[in-house]
Amino acid sequence: MSKRIIAIVMSMILCVSASSCSGSRNADGDGIYASNLFCNNVVYYMLGSRVMYSLADETDRTYPACVDPLCAHSYEECPAYASVLQNILVVPQKDSVMPLIYMFGRRPPVEYIDGKMVERTDAEINLGRIKVYDAEAGVGYTLAETDFSRVHDAVYFDGKIYMTVEYLDGRRRVGMIDTDTGEYVEVKNDSPSRVAGISDGRLYYITNRGIVYSCDLALSDETEVYDCGTGPFRRGAQTFTSYVEGGILYFERNCRIAEGMTEHEMGPFLMVSDVYAVDLDDKDAGETLVAENVLQFKPHGGDLYYNVWQYENGGVFVFADGNEREVMCVDGGTLYRYDHKSGTSEICFSDIGTSFYEIYEVTDDYIIFEGMQYDMLDSYNAENAQNTRYFLNYVCICDIKTGEWHVLQHTNSDA
């Protein structure tokens, strides 16, 4: 059976349970897709250097995105494989149920080019490569080889990808790559910066000084928008976490290790902050405090979804095989939504059995996240996650309206 036929069969299967792509974003490739993983009831994600997917309504089932049944999915010859894969961005295709997947990784140490084996230098293999996988056609290609080594954030709009990139010396800049030509340009501001989002035809980014700038989508005409102030960052970050969506700026301040966790080994991984909102059309009205002690937050549709520090030590759980794991609830299993129009927050659901350790994406219907399970522990797949200490589940999906959730892919390494 040819790759093309397999891809068509997969398209038919996915069409059966297809829903809209990532909430209010358009499903024709013309919308804004920010760090997107979800399309047509399918969640795509990284597993090592491979792109995998799970159907949203299945539990603990993982499939390779590459449709070739004879492919080992472990070398550059696989179209859905990228050396040292760091990030992916899923973008729907017009008139297709299956998306384009942009893969941000590094150049492989060895590969075949025109039938010849090429060995790269140590300097080259630390530089970046952007690949594209066409999930419908089952083929991939290299969009560009880059002088930076890592991509942290990616936002697609109108044939361009706006990114936070990192160079070998640790500098983080904001740049844009044309998905047709592979041409890359950066903002003129050379301060360490991070993409915040696109709104009203402008790109927004924040610097390490807490200053938010905007520019046109050609990365010129830069203008200072708002000064968020300075302060400590989250672990490993060079800027505050900030987002701009629907004309609202959300940003954090006063990042710190959660109360009582300073000496705990998970303390640096469980930082909290106070999150604020600013209406960019009425900046003179000032900031609105959304919530204090926020662990994770992500916007969708102009609103903000977040969880708040609420710690409970669940002790030690001993499995039948004698392995022990520590039980910890850090947010009461509660998700909040801040309504940007009313300026108030409400609880979406609470005490669902898992904490939101990292929020990957929010759609109209779902929240996709890495979870820290604290209840129904007998359901935890200990066989596939035998080295994980804190009941971490790598990719989970939860219905925002009901709070019903399940695991798509378990964590297989230590926290």
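Residues numbered from 1 in each chain as written. Predicted model: local features only at pLDDT ≥ 70, side-chain atom pairs only at ≥ 80, totals over all residues. Heavy atoms only, no water.

## Concerning a nonpolar patch on the surface
Item 1. Residues Val110, Tyr112 and Met117 make up a contiguous nonpolar surface patch of roughly 310 Å² in combined accessible area.
Item 2. Mapped onto the fold, Met117 is located in strand E9 (residues 116-119).
Item 3. The class of Met117 is partly exposed, set by a relative accessible area of 48%. (Patch = residues over 30% accessible without salt bridge, like charges linked within 9 Å, V, L, I, M, F, W, Y side chains within 5 Å. Areas by Shrake-Rupley, 256 points an atom, 1.4 Å probe, with all protein chains shown as cover. Salt bridge = Lys/Arg side-chain N within 4 Å of Asp/Glu carboxyl O. Helix = DSSP H or I, 4+ residues; strand = E, 2+ residues; numbered from the N terminus. Buried < 20%, exposed > 50% of the residue type's maximum accessible area, 1.4 Å probe, protein only.)

## With respect to the state of the cysteines
Item 1. All chains considered together, the criterion is met by zero disulfides.
Item 2. Free cysteine Cys78: the closest other cysteine sulfur is in Cys71, separated by 3.7 Å.
Item 3. The thiol of Cys348 is unpaired, and the distance to the nearest cysteine sulfur, on Cys398, comes to 9.1 Å. (Disulfide = S-S within 2.5 Å.)

## Brief notes about the nonpolar core
Item 1. Val43, Ile88 and Tyr133 are the most contacted members of the largest nonpolar core, which totals 36 residues.
Item 2. Elements with a contribution of two residues or more to this core: strand E2 (38-39), strand E3 (42-47), strand E4 (50-55), strand E6 (87-91), strand E7 (100-106), strand E30 (366-373) and strand E31 (392-399).
Item 3. Examining the composition of this core, we find that five residues originate from one element, E3, more than from any other.
Item 4. Residues contacting Val43, with those up to four places away along its chain left out, are Leu37, Phe38, Met52, Tyr53, Ser54, Ile368, Val395, Ile397 and Leu408.
Item 5. Membership of the second largest hydrophobic core comes to 19 residues, among which are Val91, Phe104, Val151 and Ala154. (Core = buried A, V, L, I, M, F, W, Y, C linked by side-chain atoms within 4.5 Å. Contact = heavy atoms within 4.5 Å.)

## Things to note about the packing of aromatic side chains
Item 1. As enumerated under the stated definition, the model contains 21 aromatic pairs in all.
Item 2. On the numbers, 6.1 Å between centres and 90 degrees between planes, the contact of Tyr45 with Tyr394 is edge-to-face. Of this pair, Tyr45 sits in strand E3 while Tyr394 sits in strand E31; the two residues are 349 residues apart in sequence, bridging distant segments of the chain.
Item 3. Grouped by ring-pair contacts, the aromatic residues Tyr33, Tyr102 and Tyr156 constitute a single cluster.
Item 4. A cation over a ring is seen here: Arg171 above Tyr167, with NZ or CZ 4.4 Å from the ring centre.
Item 5. A cation over a ring is seen here: Arg253 above Tyr276, with NZ or CZ 4.7 Å from the ring centre. (Phe/Tyr/Trp six-rings, centres within 6.5 Å; stacked < 30°, edge-to-face > 60°. Lys NZ or Arg CZ within 6 Å of the ring centre and 35° of its normal.)

## Things to note about unusual backbone geometry
Item 1. Residues other than glycine seldom take positive phi values, yet Asn40 does so here, at roughly 50 degrees.
Item 2. Along the chain, the position of Asn40 falls in the loop between E2 and E3.
Item 3. Residue Asn40 is classed as buried on the basis of its relative accessible area, which comes to 10%.
Item 4. One non-glycine residue, Asn254, lies in positive phi territory at about 60 degrees.
Item 5. Mapped onto the elements, Asn254 comes out in strand E21 (residues 248-257).

## With respect to the side chain of Asn307
Item 1. Residue position: Asn307 is located in strand E24 (residues 303-308).
Item 2. Judged by relative accessible area, Asn307 falls into the buried class, the value being 0%.
Item 3. Among the polar contacts listed, one links the side chain of Asn307 to the side chain of Asp331, at a separation of 2.8 Å.
Item 4. Those residues within four positions of Asn307 in sequence are excluded, and the remaining contacts are Asn293, Val294, Leu295, Gln296, Asp331, Thr334, Tyr336 and Phe356. (Polar contact = N/O pair within 3.5 Å; in protein donor to acceptor, adjacent residues only side chain to side chain.)

## Here we look at the sheet that holds strand E23 (residues 288-300)
Item 1. Here we have seven strands laid out as an open sheet, ordered E20-E21-E22-E23-E24-E27-E28, and antiparallel in their pairing. Strands with a single pairing partner mark the edges of an open sheet, and in this sheet they are strand E20 (242-245) and strand E28 (344-349). In this sheet, adjacent strand axes meet at a mean angle of 40 degrees when their direction is disregarded.
Item 2. Sheet analysis places E21 next to strand E22 (residues 271-279), joined by eight bridges and oriented antiparallel. Considered in E22, the bridge of Glu252 is made with Val275. (Pairing = 2+ DSSP bridges. Axes fitted to C-alpha atoms, helices over the stretch in contact; angles between N-to-C directions.)

## Side note on the pattern of salt bridges
Item 1. One pass over the full model with this rule turns up 20 salt bridges.
Item 2. Taking the shortest distance from any N to any O, the salt bridge between Arg120 and Glu145 comes out at 3.3 Å. Of this pair, Arg120 sits in the loop between E9 and helix H2 (122-125) while Glu145 sits in strand E11 (residues 139-146); the two residues are 25 residues apart in sequence, bridging distant segments of the chain.
Item 3. Judged by relative accessible area, which is 15%, Arg120 ranks as buried.
Item 4. Looking at Glu145, the relative accessible area reads 36%, which means it is partly exposed.
Item 5. Arg256 serves as the salt-bridge partner of Asp274, at 3.1 Å between the closest nitrogen and oxygen. You can see Asp274 sitting in strand E22 and its partner Arg256 sitting in strand E21, a full 18 residues away along the chain.
Item 6. Residue classification places Asp274 among the buried positions, given a relative accessible area of 9%.

## A closer look at the sheet that holds strand E10 (residues 128-134)
Item 1. In spatial order, the strands read E6-E7-E10-E11; together these four strands make up an open sheet with antiparallel pairing. Every interior strand has two partners, whereas the edge strands, E6 and E11, have only one. Within the sheet, the average angular offset between the axes of one strand and its neighbour, ignoring direction, is 20 degrees.
Item 2. Sheet topology note: the E7/E10 ladder contains seven bridges and is antiparallel. Looking across to E10, one finds that Met103 is bridged to Lys131.

## Quick word on the pairing of E9
Taken residue by residue, a regular strand's side chains alternate between the two faces of the sheet.
Item 1. Judged from the four bridges that link them, strand E8 (residues 110-113) and E9 form a sheet pairing that is antiparallel. Paired with Glu111 across the two strands is Val118, which belongs to E9.
Item 2. Linking E8 to E9, which pair antiparallel, is a turn of two residues; within it Asp114 sits at a positive phi near 55 degrees.

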